[in-house]
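# Chain and residue survey
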2 protein chains.
Amino acid sequence: MNKFNKKIPYGVIERLPAYLNCLMQLKKESVTTVSSKRLGRLTGINAAQIRRDLIYFGKFGIRGVGYEVHTLIKKIQDILGADKFHNIVVIGAGNLGAAISNHDGLKNHGFIVKAIFDNNKEKVGREINDIEISDLSDLKKVINEEKIKIGILATPSEAARKSAKALIDEGVRVILNYTSIIIEAPKDVIVYNSDPVSDLLYTLYYFTSKKSM
Amino acid sequence: MNKFNKKIPYGVIERLPAYLNCLMQLKKESVTTVSSKRLGRLTGINAAQIRRDLIYFGKFGIRGVGYEVHTLIKKIQDILGADKFHNIVVIGAGNLGAAISNHDGLKNHGFIVKAIFDNNKEKVGREINDIEISDLSDLKKVINEEKIKIGILATPSEAARKSAKALIDEGVRVILNYTSIIIEAPKDVIVYNSDPVSDLLYTLYYFTSKKSM
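The structure reproduced in this document is the subject of the present report. For clarity, every value in this text was computed on a predicted model and none was experimentally measured.

## As for the overall build of chain A
Across its full length, chain A holds 9 helices and 9 strands. By principal-axis analysis of the C-alpha atoms, chain A measures approximately 60 × 40 × 35 Å. In chain A, 57% of the contacts between residues at least 6 apart in sequence involve partners at least 24 apart. For chain A, the accessible area works out to roughly 9800 Å², and carbon and sulfur atoms hold 50% of it. When the 32 positive and 23 negative side-chain charges of chain A are each reduced to one mean point, those points stand 11 Å apart.

## Focus: the interface of chain B and chain A
Across the boundary between the two partners, chain B contributes 76 residues, which contact 76 residues of chain A. Across the chain B-chain A interface, the total number found is 6 salt bridges. Linking chain B with chain A are 9 residue pairs in polar contact (both at pLDDT 80 or more), by the criterion used here. Per-element tally for the side of chain B that touches chain A: the top contributor is helix α9 (residues 196-208) of chain B, with 13 residues. Residues that form the side of chain B that touches chain A fall into these classes: 40 nonpolar, 23 polar and 13 charged.

## Let's talk about the pattern of salt bridges
All told, the structure shown has 19 salt bridges over all chains when counted by the stated rule. A salt bridge links Glu 184 of chain B to Arg 38 of chain A; the nearest nitrogen and oxygen atoms lie 3.5 Å apart. Here Glu 184 of chain B is found in the loop between β8 (174-177) and β9 (190-193), whereas its partner Arg 38 of chain A is found in helix α2 (residues 36-43) on a different chain. A residue is classified by how much of its surface remains accessible, and Glu 184 of chain B, at 44% relative accessible area, is partly exposed. Residue Arg 38 of chain A is classed as partly exposed on the basis of its relative accessible area of 26%.

## Observations regarding the relation of the copies chain B and chain A
Overlaying chain B with chain A gives an RMSD of 0.0 Å, the required rotation being 180° about an axis along which the chain moves by 0.0 Å. What the rotation and shift describe, once combined, is the action of a two-fold rotation axis. Minimal C-alpha separation from the rotation axis in chain B is found for Asn 95 of chain B, amounting to 2.2 Å.

## Description of unusual backbone geometry
For Lys 147 of chain A, which is not a glycine, the phi torsion comes out positive at approximately 50°. Its place among the elements puts Lys 147 of chain A in the loop between α7 (139-146) and β7 (150-153).

Reading the values: the criteria
Residues numbered from 1 in each chain as written. Chains lettered and ligands numbered in written order. Predicted model: local features only at pLDDT ≥ 70, side-chain atom pairs only at ≥ 80, totals over all residues. Heavy atoms only, no water. Helix = DSSP H or I, 4+ residues; strand = E, 2+ residues; numbered from the N terminus. Contact = heavy atoms within 4.5 Å. Areas by Shrake-Rupley, 256 points an atom, 1.4 Å probe, with all protein chains shown as cover. Lys, Arg positive; Asp, Glu negative; His and termini not counted. Charge placed at Lys NZ, Arg CZ, Asp CG, Glu CD. Salt bridge = Lys/Arg side-chain N within 4 Å of Asp/Glu carboxyl O. Polar contact = N/O pair within 3.5 Å; in protein donor to acceptor, adjacent residues only side chain to side chain. Nonpolar A, V, L, I, M, F, W, Y, C, P; charged D, E, K, R; others polar. Buried < 20%, exposed > 50% of the residue type's maximum accessible area, 1.4 Å probe, protein only. Least-squares fit on C-alpha atoms with pLDDT ≥ 70 in both.

Right, dumping it as structure tokens:
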């Protein structure tokens, strides 16, 4: 996917989604160019850091004017592989699973929730955001039929490991883990731990140290 | 808060919560030392990156043995300011607000949800995780009485900007924004945008490019 010669560091890739979200909102508001300073204010990322990050994708900022919103969106989507549709499944039809499945951002970025699974028979058959809640026992069938490679883990903690194992066993290769449980996975599976508290801890540093971000 | 002489880069701080979460789970499982390799497998962060990051906090890894879990937890908590209790408020008592308020991780890291606000009169007075849902019109009172400096934004998109403004006007200095709306804030307010899709986009890069994380 990455057509650029330079190896893009981990940290840069990690910041790209923030730039992308912000740029897409600017585009929606008919903004055509944006300075690194404004992008910095909007994303909470240091403007100098933004300029350094974007150098990896070629020189396309114009001094005194900034970056072309449309061009920059395309470049970042291309790098991330976010210019295609991706089918995903969500495990857990509780508040967290419902919140994620309902989130505007998913559709904006081409993620299509094909199924939401739960083992609570009372929830099975109901709908969240027009997606029917399926019985966890149908996981294998759905993943294989829909060729799902991306799964979101939004179960209670005690069900996290078992659910992750089920996803991995059926061939899911990317797991976004919203539980507070750490998942050990084989080398060819990417697990990204994303619990809400990590974000809070991170902001805390800048807050308590009175540093600017 | 940061008692270390070296300036710790943005990217390092951003990864500390992931290390901390992982270490706390290891501690719970009575693990006393951990290698950068294992920490890498658990967090999904490259082991070499982990070693480079932890050098900022002094030489306390032991070659061939790894890091002392307990010591490393203390150091990271100290750096992040996560060794104290922090009162927070959540705006939005929908699925997202409920999921965040219920999350194990909050209590584990000393975050205490003092109130959850909503403008839906039908929700006001009900409880989420033993916390009563308050009317949004009481925001000012609660923030001032409890001296709240940290707020979580978990409203529907259309209410995001107005709610953020209310938090800022009452003196909240850290906003964790879970909506897909970008919030512009004064310089002395830290807004950290954390929508679930950013994480998905980020993992996508490693998935589509078949790179290891």
